[in-house]
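Coordinates in review
Residue-level listing of the chains:
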Amino acid sequence: MAIQKVMVIGAGQMGAGIAQVCAQAGFDVLLHDMNTEALEKGLKNIEKLLTRAVVKERITDKDKTDTLNRLKPSNHLKDAQSCDLVIEAVVENMDVKAKVFGDLDVFAPKHAILATNTSSLPITEIAAVTNRPDQVIGMHFMNPVPVMKLVEIIRGLQTSDETYQAIEEMTAKLNKTSVEVADLPGFAANRILMPMINEAIFAVHEGVASVEDVDKVMKLGMNHPMGPLTLADFIGLDTCLYIMEVLYEGFNDSKYRPCPLLRQYVKAGWLGKKSGRGFYQYN
Ligand code: CAA
Ligand code: NAD
């Protein structure tokens, strides 16, 4: 089965990026969000990034127009009925994702693959709410999607070889490199990255160094492109906390205990760049 039409659910920073790279690679794309403002913002952001790519002479004006023509907004999950692949990128919460997958199982055609961009949640559990667990798979993009080359592909217990192969081929068409990762909490990327970010937050919490200096240590001392606290703000502190909770509960190991300061910031609504305040203040 050839994938031609893709639906992306969630037009936040990840969903918009995924929709952009799919449209740029020649796929017809529907972008859906339950929040109309978020959908408009996601589409505007894609247009802005494409305009910047034209200015930088990475793509032509025609490429931009063709990409935007392939990309359409969607106001209802029912639109999945015309798609071969659905990629879900809503909030990192099992109940929300389970509801979306239950609905998609009803609306999407029988042949369609249902992929999730979850950062850490079990693919097997998400697949179990559908009647097609063999066609459910993890397709974990990195942020910012148009820039980062990696996609983790995660099989659930029942994911078929055909589904894996289709997603591996799709990833290559998006000009990304894939790695196969087991369905364990946090997969590989976040099992390694998030404890570092959490430890950086502990360092601030315990007065080891200031926010700016912790970031300087990792930027100038380890050549990371962003300090861990800048990166946490960039990812979203809510997402970081959800991932730490999945690791903590999933492994039942105190080494993954989320830092209380992270919990406090999320409770205060300081979600990082997207909310205007996190470890740093924006605009
Ligand atoms: N969306 C799209 N493109 C973006 C972008 C964004 N949010 N931010 C930057 N870019 C693009 C810029 O447009 C620029 O492209 P051009 O050269 O065409 O102009 C390019 O990236 C470089 O940007 P800048 O020169 O402005 O800044 P930079 O050199 O500091 O690079 C960065 C920005 C690529 C984000 C870099 O800081 C970086 O690699 N940071 C670390 C990112 C990272 O670790 N991501 C993984 C997060 S973990 C994850 O995703 C998994 C999870 O489940 C949480
Ligand atoms: P975000 O908060 O920027 O966007 C989430 C979007 O989903 C919002 O626009 C929201 O309105 C929409 N949404 C929520 N519930 C919905 C529903 N039931 N139906 C339709 N739309 C719904 O979040 P994000 O950072 O884009 O993360 C999305 C997913 O991608 C999460 O699972 C996250 O763990 C994963 N992820 C995030 C990053 C990152 O760096 N932020 C990286 C890789 C993967």
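All figures in this text were calculated on a predicted structure; none of them were measured in a lab.

Running from N to C, helix H7 (residues 189–205) and helix H9 (residues 228–235) cross one another at 115°; their axes reach a closest spacing of 9 Å. The interaxial crossing formed by H7 with H9 has left-handed handedness. Judged by residue contacts, Leu193, Met194, Met196, Ile197, Ala200, Ile201 and Val204 of H7 engage Pro228, Leu229, Leu231, Ala232 and Ile235 from H9. Classifying every residue of the contact of H7 with H9 by side-chain character gives twelve nonpolar, no polar and no charged.

The full set close to ligand 2 counts 25 residues, and Asp33, Glu92, Lys97, Ser119 and Ile235 are the nearest of them. In this structure, a nitrogen atom belonging to ligand 2 sits 3.3 Å away from a main-chain N or O atom of Met34. The contact in question runs from an oxygen atom of ligand 2 to an N or O atom on the side chain of Lys97, over 2.8 Å. Protein chains bury 87% of the 830 Å² of accessible surface belonging to ligand 2 in isolation. The set of elements that each furnish at least two residues to the shell around ligand 2 consists of helix H1 (13–24), helix H4 (94–107) and strand E6 (136–141).

Near ligand 1 you find 19 residues, and of these Arg52, Arg58, His140, Asn143 and Asn190 are the closest. In this structure, Asn143 approaches ligand 1 through a main-chain N or O atom, which is 2.7 Å from a nitrogen atom. Looking at the shell around ligand 1, the elements with two or more residues in it are helix H2 (36–55), H7 and H9. No other element matches the three residues that H9 contributes to the shell around ligand 1. Residue composition of the shell around ligand 1, grouped by class: twelve nonpolar, four polar and three charged.

Our focus in this paragraph is the nonpolar core. If you look at the biggest cluster of nonpolar residues, it comprises 36 residues, and the most contacted ones within it are Val6, Cys22, Leu85, Ile87, Met139, Phe141 and Met170. Per element, the largest residue contribution to this core is seven residues, and it comes from H1. When neighbours within four sequence positions are excluded, Met170 is seen to be in contact with Ile3, Val6, Cys22, Phe27, Leu85 and Met139. Membership of the second largest hydrophobic core comes to 28 residues, among which are Phe202, Ala203, Leu261 and Tyr265.

As a further point, take the pairing of strand E2 (residues 28–32). Most of E2 is tucked away: four of the five residues are buried. Note that strand E1 (residues 5–9) and E2 share five bridges and pair parallel. Bridging from a neighbouring strand, Lys5 pairs with Asp28 of E2.

This paragraph deals with the packing of aromatic side chains. The full count for this structure, using the stated rule, is three aromatic pairs. A ring pair is formed by Tyr265 and Trp270, whose centres lie 4.9 Å apart and whose planes are at 70°; its orientation type is edge-to-face. Since its relative accessible area comes to 26%, Trp270 is described here as partly exposed. The interplanar angle of 35° and the centroid separation of 5.0 Å between the aromatic rings of Tyr265 and Phe279 together place this pair among those described as tilted. Of this pair, Tyr265 sits in helix H11 (residues 260–267) while Phe279 sits in the segment after H11, and the two are 14 residues apart along the sequence. Phe279 carries the same exposure label as Tyr265, and that label is buried. Taken together, the ring pairs in this structure connect Tyr265, Trp270 and Phe279 into an aromatic cluster. Between Arg155 and the ring centre of Tyr164, over which it is positioned, the NZ or CZ distance is 4.4 Å. The positively charged end of Arg277 is found above the aromatic ring belonging to Trp270, 3.8 Å away from the centroid.

Take Lys176: it is sitting in the loop between helix H6 (161–173) and strand E8 (177–181). Of the side chains with opposite charge, Glu152 comes closest to the buried, unpaired Lys176, at an N-O distance of 14 Å. Of the polar contacts made by the side chain of Lys176, one reaches the backbone oxygen of Val145; its length is 2.5 Å. Apart from residues no more than four positions distant in its own chain, Lys176 is found in contact with Val21, Val145, Pro146, Val147, Met148, Lys149, Val151 and Thr171.

Summarizing the sequence annotation, UniProt attributes the feature "domain: 3-hydroxyacyl-CoA dehydrogenase NAD binding" (unreviewed entry) to residues 5–183 in the numbering used throughout. Between the end C-alpha atoms of residues 5–183 the distance is 27 Å, and the span holds 41% helix and 22% strand.

We now examine H1. With twelve residues, H1 ought to run about 16 Å at 1.5 Å a step, and its terminal C-alpha atoms sit 17 Å apart, in line with that. Counted residue by residue, H1 has ten buried out of twelve residues, so it is predominantly covered. Within the span of H1, buried status applies to Met14, Gly15, Ala16, Gly17, Ile18, Ala19, Gln20, Val21, Cys22 and Ala23. Positive backbone phi, approximately 100°, marks Gly26, located one or two places after H1.

Rules of the game
- Residues numbered from 1 in each chain as written.
- Chains lettered and ligands numbered in written order.
- Predicted model: local features only at pLDDT ≥ 70, side-chain atom pairs only at ≥ 80, totals over all residues.
- Heavy atoms only, no water.
- Axes fitted to C-alpha atoms, helices over the stretch in contact; angles between N-to-C directions.
- Helix = DSSP H or I, 4+ residues; strand = E, 2+ residues; numbered from the N terminus.
- Left-handed = near helix turned anticlockwise from the far one by under 90°.
- Contact = heavy atoms within 4.5 Å.
- Nonpolar A, V, L, I, M, F, W, Y, C, P; charged D, E, K, R; others polar.
- Near = heavy atom within 4 Å.
- Polar contact = N/O pair within 3.5 Å; in protein donor to acceptor, adjacent residues only side chain to side chain.
- Areas by Shrake-Rupley, 256 points an atom, 1.4 Å probe, with all protein chains shown as cover.
- Core = buried A, V, L, I, M, F, W, Y, C linked by side-chain atoms within 4.5 Å.
- Buried < 20%, exposed > 50% of the residue type's maximum accessible area, 1.4 Å probe, protein only.
- Pairing = 2+ DSSP bridges.
- Phe/Tyr/Trp six-rings, centres within 6.5 Å; stacked < 30°, edge-to-face > 60°.
- Lys NZ or Arg CZ within 6 Å of the ring centre and 35° of its normal.
- Lys, Arg positive; Asp, Glu negative; His and termini not counted.
- Salt bridge = Lys/Arg side-chain N within 4 Å of Asp/Glu carboxyl O.
- UniProt positions renumbered as here; feature names shortened; annotations may be inferred.
- Expected span 1.5 Å × (residues − 1).

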